[in-house]
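# Structural description and commentary
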Amino acid sequence: MFRYMTFAPLVAAAGLALGAPARAEGTVEVLHWWTSGGEAKAVGELKQSFEAAGGTWIDSPIAGGGGDAAMTALRARVVAGNPPTAVQLKGPGIQEWAELGALADVEGVAAAEGWDGVLPPVLAAIMKSDGRYVAAPVNIHRVDWIWANPEVLARAGIDTMPTTWDEFNAAADKLIAAGITPLAHGGQPWQDATIFENVVLGVGGAEFYRAALVNLDPEALTSPTMVAAFDQLRKMRGYVDANFSGRDWNLATAMVMNGEAAFQIMGDWAKGEFLAAGKVPGKDFVCAPTPGGGFVLNADSFTFFKVSGEDNIAGQQKLASLIMSPEFQKTFNLAKGSIPARTDVPLDEFDDCAKLSHADLLKATEADTLVPSMAHEMAISRSVRGEFLDLVTEFFNSDMSSEDAAQRLADAVKRAM
Ligand code: BGC
């Protein structure tokens, strides 16, 4: 390692001495929605590394957790014939854009660097179109987490994290009795859907989750299990504060940090928020999987759009290579709250929540209980996901019965398919 490092400047100097022609150093315009404290810190690592490698970074952040606003902006840019170089885009959305012929591939970089050998096959498949890499994964986020403030739990006499929904409800009732908001939540469709999918996994198990939220089986959607999941969601509605409507997810995380609420159910980007605020895992905040015994997968990736110009194409290749470098995967994910997408990055410097995520990922893969996130666009098309979000949000904000919700969901999904 040391030898190569000392050698590099000599090569550069030799290039200069020979009057080598200027090479395109690479420019990227990156469209993303990482604007909260933790997210901005993580994407800042990417920008810095890219610039340190000689590239020019044009930042195009579109605020709005979960990325719905960013996806609207992306469509407008592509329709206008002016796509960004790289876009934070994931799951089946990658294939949707590939089918429209909008993507560029980075297969040359991927083949030279052996990406196939270091990515979980399930993730590699999502990144490819026609067998060629069109996207590069940055991380593995877990969605099925409960975050809590242990000091607040102690105030209500709770000393362990719930492991079943009944235990969760019992803890929430104790918190209410102690005058504490049990659940910090932001009433935005994607946040409602985040809670919903975790509840579906917890109530129905992985096989049911897949039938209902991935395969869209009408029988599963209208089953008593789905009705039971809506019953649990109805209970959760009683655990949020009066001002939950429209609140951003990171402000809900701040409520847990500041002791205004006990729990938040959110993917581990919430951990990025705690860490950015200097909070210590296991002391200032604790994590536990939501009841369910599975793993809800959400992997962020950057997808490369068709652009012209040597400098832009060089930028795409430089970014692809950087994203997949082991050093970057470590630094980025330490800030983001997730774990590396590469399987060969040591986790020694990661905290216990990340280590648990990794261990549970392996367990879930083995036990076939790994499921893709519906709320975070890993499972189904955007249009069908939209039906889920609308219905779940309407349920959360009305007195719709669980039976009606299940039936209406099945009808809406059928219409959208
Ligand atoms: C993304 C995360 C992001 C979160 C909140 C999720 O869909 O995968 O990277 O932090 O939304 O914005």
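Quick notes on the rules
Residues numbered from 1 in each chain as written. Predicted model: local features only at pLDDT ≥ 70, side-chain atom pairs only at ≥ 80, totals over all residues. Heavy atoms only, no water. Helix = DSSP H or I, 4+ residues; strand = E, 2+ residues; numbered from the N terminus. Rg over C-alpha atoms; globule rule 2.2 N^0.38 Å. Contact = heavy atoms within 4.5 Å. Areas by Shrake-Rupley, 256 points an atom, 1.4 Å probe, with all protein chains shown as cover. Pairing = 2+ DSSP bridges. Axes fitted to C-alpha atoms, helices over the stretch in contact; angles between N-to-C directions. Near = heavy atom within 4 Å. Polar contact = N/O pair within 3.5 Å; in protein donor to acceptor, adjacent residues only side chain to side chain. Buried < 20%, exposed > 50% of the residue type's maximum accessible area, 1.4 Å probe, protein only. Salt bridge = Lys/Arg side-chain N within 4 Å of Asp/Glu carboxyl O. Disulfide = S-S within 2.5 Å. pLDDT = per-residue confidence, 0-100. Domains from an automatic or database assignment. Buried area = accessible area lost by both parts, 1.4 Å probe. Nonpolar A, V, L, I, M, F, W, Y, C, P; charged D, E, K, R; others polar.

Counting its regular elements, the protein chain contains 18 helices and 15 strands. Here the C-alpha atoms of the protein chain give a radius of gyration of 22 Å, agreeing with the 22 Å that 2.2 N^0.38 yields for 417 residues. In terms of overall dimensions, the protein chain has a C-alpha envelope of 75 × 50 × 40 Å along the principal axes. Residue pairs at least 24 apart in sequence account for 77% of intrachain contacts in the protein chain once pairs closer than 6 positions are excluded. Summed over its atoms, the accessible surface of the protein chain is roughly 17,100 Å², and 55% of this surface lies on carbon and sulfur atoms.

Strand order in the open sheet made by the 5 strands is S2-S1-S3-S13-S6, with mixed pairing throughout. Here the strands that pair on one side only, and so sit at the sheet edges, are strand S2 (56–61) and strand S6 (135–137). Here the average twist between neighbouring strands, direction ignored, is 20°. Sheet topology places strand S1 (residues 27–32) next to S2; 6 bridges connect them, and they run parallel. When the sheet's bridge partners are listed, glutamate 29 is paired in S2 with isoleucine 58. In the packing of helix H14 (residues 310–323) onto the sheet, contacts are made with S1, S2, strand S3 (86–88), S6 and strand S13 (301–304), and the angle to S1 comes to roughly 60°.

Among the 14 residues in the neighbourhood of the ligand, the closest are listed as Glu39, Lys90, Asp300, Lys336 and His376. Tryptophan 33 has a polar side-chain atom sitting 3.2 Å from an oxygen atom of the ligand. One nitrogen or oxygen atom from the main chain of glycine 66 is found 3.1 Å from an oxygen atom belonging to the ligand. Compared with its free state, where it exposes 310 Å², the ligand has 100% of that area covered by protein.

Our next topic: the side chain of serine 129. Examined against the element boundaries, serine 129 turns out to sit in strand S4 (residues 128–129). Exposure remark for serine 129: the relative accessible area of 17% places this residue in the buried category.

What follows is about the environment of alanine 220. Along the chain, alanine 220 turns up in helix H10 (residues 218–221). For alanine 220, a relative accessible area of 8% gives the class buried. Beyond its immediate sequence surroundings of up to four residues, alanine 220 is in contact with Phe208, Ala211, Ala212 and Met226.

Right, let's talk about the pattern of salt bridges for a bit. Proximity of charged atoms lets side chains of opposite charge pair with each other. Throughout the structure, instances matching the rule amount to 21 salt bridges. Two residues, lysine 318 and glutamate 25, come together in a salt bridge whose shortest N-O distance is 3.4 Å. Taken together, the residues span a long stretch of sequence, with lysine 318 in helix H14 and glutamate 25 in the loop between helix H1 (2–17) and S1 at a distance of 293 residues. We note a salt bridge from arginine 385 to glutamate 377, for which the minimum N-O separation is 3.7 Å. Each member of the pair, arginine 385 together with glutamate 377, is buried. Salt bridges sharing common partners tie together Asp68, Glu377, Arg382 and Arg385.

We now examine unusual backbone geometry. In this structure, aspartate 130 is a non-glycine residue whose phi angle is positive, near 50°. On the secondary structure map, aspartate 130 appears in the loop between S4 and strand S5 (132–133). Unusually for a residue other than glycine, aspartate 368 sits at a positive phi of about 60°. With respect to the helices, strands and loops of the structure, aspartate 368 is situated in the loop between helix H16 (352–367) and strand S15 (370–372).

For the rest of this paragraph, the subject is the sheet that holds strand S11 (residues 286–289). An order of S9-S10-S8-S11 is seen for the 4 strands of this open sheet, with the pairing classed as mixed. Only two strands of the sheet have a single neighbouring strand rather than two, namely strand S9 (181–183) and S11. Geometrically, the sheet is characterised by an average inter-axis angle of 20° between neighbouring strands, direction not taken into account. Two strands pair when backbone bridges link them, and S9 and strand S10 (residues 261–265) are joined in this way by 2 bridges, in the parallel orientation. Within S10, the position partnered with leucine 183 by the bridge is phenylalanine 263.

Below, the discussion takes up the state of the cysteines. Note: disulfide means a covalent bond formed between the sulfur atoms of two cysteine side chains. Under the definition given, this model contains 1 disulfide. Each sulfur in the disulfide pair cysteine 287 and cysteine 353 lies 2.2 Å from the other. Residues cysteine 287 and cysteine 353 are joined by a disulfide whose S-S torsion is about -110°; by sign, that bridge is left-handed. Of the two residues, cysteine 287 is situated in strand S11 and cysteine 353 in helix H16; the sequence distance between them amounts to 66 residues. Overall, cysteine 287 belongs to the buried group, its relative accessible area being 19%. Cysteine 353 gets classed as buried once you look at its relative accessible area, which sits at 5%.

Positionally, histidine 32 belongs in strand S1. For histidine 32, a relative accessible area of 1% puts it in the buried group. Side-chain polar atoms of histidine 32 contact the backbone nitrogen of tryptophan 34, separated by 3.1 Å. Setting aside chain neighbours within four positions, we find histidine 32 in contact with Val43, Asp59, Ser60, Pro61, Ile62, Gln88 and Phe302.

So, about the confidence of the model for the protein chain. Summing up the model confidence of the protein chain, the mean pLDDT is 94 and the portion of residues at 70 or higher is 94%. Predicted confidence is poor over residues 1–21, with pLDDT under 50, and the contacts of this stretch with residues over four places away or in other chains come to 1 contact.

It is worth spelling out the domain arrangement of the protein chain at this point. Per the domain assignment, the segments making up the protein chain are domain 1 (2–140 + 299–355) and domain 2 (142–297 + 363–416). Just the C-alpha atoms count here: the centres of domain 1 and domain 2 sit 30 Å apart. Taken together, the contact pairs 24 residues of domain 1 with 26 residues of domain 2. Overall, the association of domain 1 and domain 2 removes approximately 2,100 Å² of surface from exposure, summing both partners, and the carbon and sulfur fraction of that is 57%. Run the count over domain 1 and domain 2 and you get 3 salt bridges. Between aspartate 351 and lysine 271 there is a salt bridge whose closest N-O contact spans 3.1 Å. Linking domain 1 with domain 2 are 9 residue pairs in polar contact (both at pLDDT 80 or more). Here the side of domain 1 that touches domain 2 is composed, by residue class, of 9 nonpolar, 8 polar and 7 charged.

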